[in-house]
Amino acid sequence: MNDCCCAPPPLNLGGNKTQDAAYRRVLWTVLAINSAMFAVEAVAGLAAGSASLQADSLDFLGDAANYAISLLVVGMALRYRAGAALAKGATMALFGVWVVASVIWHIFHGTLPSAFAMGTVGAAALAANAASFGLLWAYRQGDANMRSAWICTRNDVLGNLAVLLAAAGVFGTGTGWPDIIVATVMSLLALQGAMVVVRHAIEELRIGQLAAAE
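In short, a report on the structure. (Residues numbered from 1 in each chain as written. Predicted model: local features only at pLDDT ≥ 70, side-chain atom pairs only at ≥ 80, totals over all residues. Heavy atoms only, no water.)

1. With respect to the nonpolar core
Grouped together as the largest cluster of nonpolar side chains are 22 residues, with contacts concentrated most on Leu-53, Leu-58, Phe-95 and Met-118. Of all the secondary-structure elements, those providing two or more residues to this core are α1 (17–48), α2 (51–73), α3 (78–109), α4 (115–136), α5 (144–173) and α6 (177–213). Within the second largest apolar cluster, 11 residues are counted, among which are Val-26, Leu-71, Leu-136 and Tyr-139. (Core = buried A, V, L, I, M, F, W, Y, C linked by side-chain atoms within 4.5 Å. Buried < 20%, exposed > 50% of the residue type's maximum accessible area, 1.4 Å probe, protein only. Helix = DSSP H or I, 4+ residues; strand = E, 2+ residues; numbered from the N terminus.)

2. Here we look at the packing of aromatic side chains
For the structure on display, the rule yields one aromatic pair. With a centroid separation of 5.8 Å and an interplanar angle of 50°, the aromatic rings of Phe-133 and Trp-137 are classed as tilted. Trp-137 sits in the partly exposed class, given a relative accessible area of 41%. (Phe/Tyr/Trp six-rings, centres within 6.5 Å; stacked < 30°, edge-to-face > 60°.)

3. With respect to the side chain of Asn-129
Tracing the chain through its elements places Asn-129 in helix α4. At 2.6 Å, the side chain of Asn-129 and the side chain of Asn-160 are in polar contact. What Asn-129 contacts, discounting residues up to four positions off in sequence, is Asn-34, Phe-60, Thr-153, Asp-156, Val-157 and Asn-160. (Polar contact = N/O pair within 3.5 Å; in protein donor to acceptor, adjacent residues only side chain to side chain. Contact = heavy atoms within 4.5 Å.)

Structure representation (structure tokens):
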């Protein structure tokens, strides 16, 4: 999860109206996919005792929030867009802290997650991101906002592969350490991304307040 995936990718309005309408439909579709997979992975992570599935769900949460912000606040004043981004960053941070706490809990209790559940749900998550990847493929050479949405989905595939590797590690070693290691790395990256979002949102709120005061 790098910085380009943290800022919401607003629609490229003002250009070709046909392309804008098509891109809007694509964003609605990938929003639905990411929202559904966030819920699936979060619940499955709890049921399977897998911290890495919970951590991977952070990517789906962040992406869903990106697309939702793009669709809901496009055309609004900067302070409203910044406020929405701030709420997104705070939500991501809270969920990230929860995943870190879950990792610590698993370490102390020595839990063994279900490798089968991890592999099954991880494969479903990979398929979901592959579908989003395919939908956004046509916009990979668009403006910076379009490219950022595509790159973000491309990077998420790496997170899905990490979960599958963790599942294989759990199955092969008979311990939960592969799951814990992957979850720790992914949750820390998510927290770093949340801090970037919050910092940028606060800066934009200040700019928006100054603009409103003039």
